[in-house]
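# A structural walkthrough
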Amino acid sequence: MSFLQPELLFLLLLVPVAWFVPRRVTDVGHGLLRSVVIAAVVLALARPVTLLDEAEPRYAVVVDQSPSVGVPGARANDFARGLADQLDARIVEIGTAPVRPTDAAVDRALARDGASTPLGTALAAALDMLPAGDPGAIALFTDGLATEDGWGAVVQELTARGVPVHTFQTSRTDDVFPISLETLETLRVGHTARILVEVAGSATDFDVALSGPGGEIERRSTEANGRAAFLFEFEPEEAGFLELSVDLEVRAGTNPLTVNDRLARTFAVQDPLRALYMGGRVRGGAARLAELLGRGFEIDTGAAPTDAGSSLAATYDLVLFDDERADAVPAAFQRELARAVVEDGLGFFMSGGAASFGPGGWHETPLAEVLPVEFQQKEEKRDPSTTLVVIIDTSGSMGGNRVQLAKEVSRLAIRRLLPHDKVGIVEFYGAKHWAAPIQPASNSIELERALNRLDAGGGTVILPAIEEAFYALQNVQTRYKHVLVLTDGGVETGAFESLLRRMAEKGITTSTVLVGPEAHSEFLVSLANWGKGRFYNVPNRFNLPEILLKQPTSAKLPAYRPGTHPVRARGGAGWWGNVDPSAVPPLAGYVETRARPAAQVLLETESEGHPALATWQPGLGRATALMTEPTGAGTEGWRDWDGYGPWLARVLARTAADTREPYAFDVVREGPSAVVTARRLRPGAGPPWLRASLAGGDDGERIEMHVRAEGLYQARVPAGPDDELRFTGGAEDDSGATRLVLAARGESRELQVDPDGALDLERLALATGGTYFTMLPDVRPTLAAGGGSAPARLREWRPACLLLALLFYLIEIYYRRRDVRGGTA
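Residues numbered from 1 in each chain as written. Predicted model: local features only at pLDDT ≥ 70, side-chain atom pairs only at ≥ 80, totals over all residues. Heavy atoms only, no water.

### Some points on the overall build of the protein chain
Keep this limit in mind: By definition, any uninterrupted DSSP run of H or I lasting at least four residues is a helix, any uninterrupted run of E lasting at least two residues is a strand, and each is numbered from the N terminus. We compute the radius of gyration over the C-alpha atoms and compare it with the globule rule, which gives 2.2 Å times the number of residues raised to the power 0.38. Burial classes: relative accessible area under 20% of the type maximum marks a residue as buried, over 50% as exposed, and values in between as partly exposed (1.4 Å probe, protein chains only).
If you tally the helices and strands in the protein chain, you get 16 helices and 43 strands. A compact globule built from 825 residues would reach a C-alpha radius of gyration of about 28 Å, whereas the protein chain, at 53 Å, exceeds it by more than 25%. Projecting the C-alpha coordinates of the protein chain onto the three principal axes gives extents of approximately 195 × 80 × 55 Å. When burial is assessed residue by residue, the protein chain has 48% of its 825 residues classed as buried.

This is the structure we're talking about:
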């Protein structure tokens, strides 16, 4: 006992005063009664209290008797019930437990159909059985294989209340079974479906077979030690709902359960991708492309719409240009296509040869910035061929240094020529003579010998020499023809003007060189003007001129490069699938381009490193460029390549829009209902529609969808645990449809829980402060309780003290009156 106001206990010192005030007490009994009354009043004023004992701990026991536990669960059940009797605990039982006389002791039964193991729900039910504020504990007997993973919230609540969970690991049935049948991507008609099958358990030899409506698709034989995965591939033949099943057949090893050897699931198969094909240069290109791609694409060969508007992204998944020139596509359509790729996520694929990319006039068009490559057209500097005839004056007046200067000027002019040019040397000394007939300029030794043989002597008669050069040059086929006359200016008169003008009309130019100290020669200047050439003055060997014989030009090289071009593959495996990248044959021609810095090159030429296939995302959509004709001359070597069709279909599928559907539909199971959500993808799309049907039923009834938010709709459909629901949905103003499936749950699903996803009992016990038992102990353990949070309860004794004081006060009054009646003073 304790006192809330102990300082008032000093009033007990007044108890002896009662023996003397108001008068001395001679009767001992009377004094004692007075003392008791005063003491009781003082104790009441000090407020005596006592602390009551804490609340008794409460317990709950969760017993998992689901089919996955099997025979070992019987011993765990008996152990758990004995522990519950010992702790006076309440019981939550999961699964199809056999009927026993003690079944009446079960406070909560879950999943009696054996179709699931709701461990999270069972823990929540057990926690509800423990009064809030009282200490308690939960004992959990399970193998941890739960068909739901919603135990996170209840574990948080257990931790918050401080209630420990003591876990007892029950053994699992030693079995091998399929645990998953999933698709790695959306199933679509004509496209490769990749189905992943996972098997758990151990077996030395077993078969896994994937089957469809038409029978067995593929079978694999293997062994597994804990876990194995199998990837099956095939092409769905039609849109709709496809029922697939995987069957496991154990040939060697233990397989006590056969009910879980089969796992079936229904998949939604979407419609083929729709592509707009534009390109008429390759004859029959659309038909050959459709044959190459197969059922996975619906090729529309309609003309480019001039007012595509927003319907382009709503109608097609992909727009494909095949060797199409820019002037064949309306500018309005180009702008709309570029906008749809960037803003609406439309796919764009450009391919072609000599009529596409740069050669096709696509430079500086709206689509040029969307493509992953830049157009380039190299220029080639050309040195046109030239024939030079050097006419040297070797008359007597050229004696001394003059003839040597003429030779030096001739050598400089000849050295400027290239091997494909031609040179001839004519000397005149009163008569004309070919010192060196017209020949390739590469014969430098022969030409040098001819110059060295020249010497001054004779008269100056130049007109016949010019005529000889004129006649000779008319039989030469070169781009430029030039006559170079070297003299000291002392020549005869004659019909030079008419001859030189006629030569100029024939494309033969004439230049003159004045050799010697004379500064000028009106006659040679006139010859150069009449011959449309130039006049040069060479007074000495220190002033040798640079003779201009031709003007180099430049020309654009063709961007299309024919020939055999080996290629090498790049890019990730997602672009190649099962196709061997090293088996790509050489190209027979391609358009030379340059990849943008942000583009991904998937195929390039080996020698030059030019991109042959490149892709990138300029916005929401993807654009891919193939720098050759997919069905034309550039891919002639690919026609016998078995992997060409599947690979090209894969490239186009990855380029296509993620979806052209107006809504994205999703379905989840919530209790006894299926909740379908439609999220608007395309602005301006009409309201969504939805139909639901059971597996094997008719087309189904129309389901009304309710607005939950802007662009978000929702519908709730009743769905039992064994119901498989199939949904088809779309927009009221769109002809397309999206399919989705809600799978059913059955007993086999309870027996096909992935062990890697099991509830970790050791971590659960550690997180809540409980104890983890790897096996059932021989003696029932003492389980610690926790979580008592109620405030301490006190019992106050003041009322009792006051009642005691009143009682003894009445006795004291009775005692005094009795004494008075008896004559006692």
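That covers the picture; the talk isn't over yet.
### Re the pairing of strand β7 (residues 165–169)
Under the convention used in this document: A crossover counts as right-handed when, viewed with the strands pointing away from the observer, the path leading from the first strand over the helix to the second turns clockwise.
Taken across its 5 residues, β7 has 4 buried, putting it largely inside the fold. Note on the crossover from strand β6 (residues 136–142) through helix α4 (residues 152–161) to β7: the handedness is right-handed.

### Quick look at the sheet that holds strand β33 (residues 623–626)
The criterion, for reference: One bridge is not enough; two strands pair if DSSP finds at least two bridges between them. To define axes, lines are fitted to C-alpha atoms, for helices over the stretch in contact only, and angles between the resulting N-to-C directions are given on a 0 to 180 degree scale. Two residues qualify as a contact provided that any one of their heavy atoms is within 4.5 Å of a heavy atom in the partner residue.
Across the sheet, 8 strands lie side by side as β15-β14-β16-β17-β33-β32-β31-β28; this open sheet has mixed pairing. Since the sheet does not close on itself, it has two edges, and those belong to β15 (297–300) and β28 (567–569), each with one partner. Averaged over all neighbouring strand pairs, the angle between strand axes comes to 15 degrees, with direction disregarded. With 3 bridges joining them, β28 and strand β31 (residues 600–605) adopt antiparallel strand pairing. Within β31, the residue paired with R568 across the bridge is E604. Helix-sheet contacts for helix α13 (residues 644–655) involve β14 (273–278), β15, β16 (318–322), β17 (347–351), β31, β32 (611–616) and β33, and the interaxial angle to β17 is about 135 degrees.

### Description of the packing of helix α5 (residues 285–293) against α13
For clarity, the threshold we go by: We call two directions roughly parallel when the angle between them is under 35 degrees, roughly antiparallel when it is over 145, roughly perpendicular when it lies between 65 and 115, and oblique otherwise.
Remark: α5 packs on α13, axes separated minimally by 8 Å, with the N-to-C direction vectors making an angle of 95 degrees. Between α5 and α13, the crossing angle belongs to the class labelled roughly perpendicular. Every residue of α13 that contacts α5 at L289, L292 and L293 is listed here: Y644, G645, L648, A649 and L652.

### Structural notes on the packing of aromatic side chains
Under the convention used in this document: Two rings belonging to Phe, Tyr or Trp (six-membered ring only in the last case) form a pair when the distance between their centres is within 6.5 Å. Interplanar angles under 30 degrees mark stacking, angles over 60 mark edge-to-face geometry, and anything in between is tilted. Think of it as a cone above the ring: NZ of Lys or CZ of Arg counts as a charge over the ring if it is within 6 Å of the ring centre and within 35 degrees of the ring normal.
Inspection of the entire model under this criterion finds 18 aromatic pairs. Relative to F375, the ring of F357 lies with its centre 6.1 Å away and its plane at 65 degrees, an arrangement referred to as edge-to-face. Of this pair, F357 sits in the loop between β17 and β18 (373–375) while F375 sits in strand β18, and the two are 18 residues apart along the sequence. A relative accessible area of 0% places F357 in the buried class. Take F375: its relative accessible area is 14%, and that puts it in the buried class. With a centroid separation of 6.3 Å and 50 degrees between ring planes, the pair formed by Y663 and F665 is classed as tilted. Overall, the relative accessible area of 2% leaves Y663 in the buried class. Joined through ring pairs, the aromatic side chains of W576, W638, W641, Y644 and W647 make up one cluster. The aromatic ring of Y480 is capped on one face by R479, whose charged end is 4.8 Å from the ring centroid. The ring of W575 is capped by R654, whose NZ or CZ atom sits 4.6 Å from the centre of that ring.

### A closer look at the confidence of the model for the protein chain
Note the following rule: Across the chain, each position has a pLDDT score giving the predictor's confidence in that residue, from 0 to 100.
In this model, the protein chain carries an average pLDDT of 84, and 91% of its residues clear a pLDDT of 70 or more. No element of the protein chain has a lower mean pLDDT than strand β26 (residues 553–556), which averages 51, and none a higher one than β33, which averages 96. Ignoring residues within four places in sequence, the model shows residues 98–104, a span with pLDDT below 50, making 6 contacts including any to other chains.

### Notes on the pattern of salt bridges
Rule in force here: Each salt bridge in this description consists of a side-chain nitrogen of Lys or Arg and a carboxyl oxygen of Asp or Glu lying within 4 Å of one another.
Applying the stated criterion across every chain yields a total of 36 salt bridges. Here R411 makes a salt bridge to E408, at a shortest N to O gap of 3.0 Å. Of this pair, R411 and E408 both sit in helix α8 (residues 401–415), separated by 3 residues, roughly a single helical turn. Exposure remark for R411: the relative accessible area of 11% places this residue in the buried category. The exposure class assigned to E408 is partly exposed, which follows from its relative accessible area of 33%. Salt-bridge contacts for E732 lead to R702; the nearest nitrogen and oxygen are separated by 2.4 Å. Of this pair, E732 sits in the loop between β40 (725–731) and β41 (738–742) while R702 sits in strand β37 (residues 701–703), and the two are 30 residues apart along the sequence. A relative accessible area of 43% places R702 in the partly exposed class. Three or more residues joined by partner-sharing salt bridges are found here, namely D207, E216, R219 and E249.

### Things to note about the sheet that holds strand β4 (residues 90–94)
Taken in spatial order, the 6 strands of this open sheet run β5-β4-β3-β6-β7-β42, and their pairing is parallel. Because the sheet does not close on itself, it has two edges, and the strands there are β5 (106–110) and β42 (772–773). As paired strands, β4 and β5 are joined by 4 bridges and run parallel to one another. By the bridge assignment for β5, I91 is matched with V106. Along the sheet, helix α15 (residues 761–768) makes contact with β6, β7 and β42, crossing β7 at roughly 165 degrees.

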